[in-house]
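Residues per chain are reported as follows:
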Amino acid sequence: MSVMIELLFRTRGPETVHHFNQQCKTPLQVQEKLLLGMIDRNRDTAFGRKYDFESIKSIDDFRKNVPILDYKDHEPFIQASLSGEPAQLTAQSPCFYATTSGTTGTPKYIPVTPESRTAKSRLLRVWLSKFFIDHPKMFSGRMLSVISPEIESVSPTGVPCGAESGHGYRSAPKPLKAVYSSPYDICEIEDYDSKYYTLLRIAVAQPVTFLFSCNPSTVLLLAQRMEEFADDIIEDIRNGTLSGKYDVPDAIRKECVPYLHAEPSRADELERIRLEAGTQRPREVWPDLGAIACWKGGSVGTYVKKFKPYFPDTVAIRDLGYLSSENRGSIPLTEAGISGPLSIATIFFEFLPEDHPGEPGPDDLLTVDQLEEGKSY
């Protein structure tokens, strides 16, 4: 394990989780302070002037001034920001635009500022800290993560636009980067078989103890590809190479060179494992794998049920929570289920009862303290 990451989580982890738990005891106060702080910092933006942020002194004022909006209402401000006009939605200039197709297939651009990036980082630290407290060996080896490319395009003013997962991977703290099993560049390989092969070629040679991917279908695909690519993986590990069978651009191959060591003893071990198990699976290749992070609910939950042949029952599988390009909405703190406390110190929440008839108005919305257990919103 990286000494720095061990120090980070052993010293600050409990403190981080304790602070979050304390905030959860006074949710409305935390939410109002958060909202008014955001209003105050962004009062002189184009959006803030349109909705008279200057006059907002309470949650009720916010509801009176700012109607219920969707992406199309924010889009003119985002487009202006993309074109270089300052202080549109936020006082801070975006340093990145997360792109997402949502459910419509039409590209959307979600501005990421240094402030919002820091806020997401704090939430990730809470989630990781609790995960580490419960499973302290998860960082004893390497972390294998599958992400999308950070930069898919560039705004007219040169600000990168792309996947939030790639941006988060590249902007992670140094202690966390120290346990990555692979270089970021692999995620930019366009051919999927070649991308998965390269990830596995490098990771199989290492003691992976933590597997991170939003979609469990990706985790399952990694496990299946490990079987399919077994011959080539073992040969490459033995020789310290990256097979020319796979379509990996020369520039990315060059970035992989520091990870490609000739390891005959590891290759022999893999041959023995394969002979004894009759296949090559994560459960034998990475016997110390202790934690998997991925979504577990909704339609993707069916993939988690297919993990059993590939991963032992001792592996802790923790949900990532309500997570999107726009925000991290919840923080699951156990492996039980998929739910977790709301991210009340980072995102201001309003709720609408699921059975509310017709079009909602601001007066129909509820704050966190008005929710009732057992009801859906």
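Residues numbered from 1 in each chain as written. Predicted model: local features only at pLDDT ≥ 70, side-chain atom pairs only at ≥ 80, totals over all residues. Heavy atoms only, no water.

Trainee: Before we move on, can you summarise the overall build of the protein with the specific residues and values?
Mentor: If you tally the helices and strands in the protein, you get 15 helices and eight strands. On C-alpha atoms alone, the protein measures out to a radius of gyration of 23 Å, which is about the 21 Å that the 2.2 N^0.38 rule sets for 377 residues. Dimensions of the protein along its principal axes, counting C-alpha atoms only, are 70 × 45 × 40 Å. Across the 377 residues of the protein, 47% fall into the buried class. In the protein, the share of contacts with a sequence separation of at least 24, taken over all contacts with a separation of at least 6, comes to 64%. Taken together, the 42 basic and 52 acidic charged side chains of the protein have centroids lying 5 Å from each other. (Helix = DSSP H or I, 4+ residues; strand = E, 2+ residues; numbered from the N terminus. Rg over C-alpha atoms; globule rule 2.2 N^0.38 Å. Buried < 20%, exposed > 50% of the residue type's maximum accessible area, 1.4 Å probe, protein only. Contact = heavy atoms within 4.5 Å. Lys, Arg positive; Asp, Glu negative; His and termini not counted. Charge placed at Lys NZ, Arg CZ, Asp CG, Glu CD.)

Trainee: Outline the nonpolar core, listing residues and values.
Mentor: Among the nonpolar cores identified, the biggest contains 42 residues, and Leu200, Val204, Leu211, Trp286, Ile292, Phe307 and Phe311 are the most heavily contacted of them. Looking at this core, the elements with two or more residues in it are helix H9 (192-203), strand S6 (208-212), helix H10 (216-228), helix H11 (230-239), helix H12 (250-256) and helix H13 (264-277). Top contributing element to this core by residue count: H9, with six residues. Setting aside chain neighbours within four positions, we find Leu211 in contact with Leu144, Val219, Leu222, Trp286, Leu289, Ala291, Ile292, Ala293 and Phe311. Formed by 28 residues, the second largest nonpolar core is a distinct cluster that contains Phe20, Val126, Tyr184 and Ile331. (Core = buried A, V, L, I, M, F, W, Y, C linked by side-chain atoms within 4.5 Å.)

Trainee: Break down H10 for me, with residues and values.
Mentor: With 13 residues, H10 extends 19 Å from end C-alpha to end C-alpha; this agrees with the ideal 18 Å at 1.5 Å per step. All of the buried residues in H10 are Pro216, Thr218, Val219, Leu220, Leu222, Ala223, Arg225 and Met226. (Expected span 1.5 Å × (residues − 1).)

Trainee: Describe helix H5 (residues 71-82), listing the residues and the values that go with them.
Mentor: Along H5, the residues that are buried comprise Tyr71, Phe77, Ile78, Ala80, Ser81 and Leu82. Looking at the packing, one finds that the buried side of H5 touches helix H3 (46-50), strand S1 (96-100), strand S2 (108-112) and strand S5 (160-162).

Trainee: Lay out the sheet that holds S2 with the relevant residues and their values.
Mentor: Note: strands within a sheet are paired through backbone hydrogen bonds, in either parallel or antiparallel orientation. Spatial strand order, S2-S1-S5-S4: four strands in an open sheet with mixed pairing. Edge strands, defined here as strands with exactly one partner in the open sheet, are S2 and strand S4 (153-154). Taken together, the five bridges between S1 and S2 define a ladder with antiparallel strand orientation. By the bridge assignment, Tyr97 is partnered in S2 with Pro111. The sheet strands contacting H5 are S1, S2 and S5, and the helix crosses S2 at an angle near 65°. (Pairing = 2+ DSSP bridges. Axes fitted to C-alpha atoms, helices over the stretch in contact; angles between N-to-C directions.)

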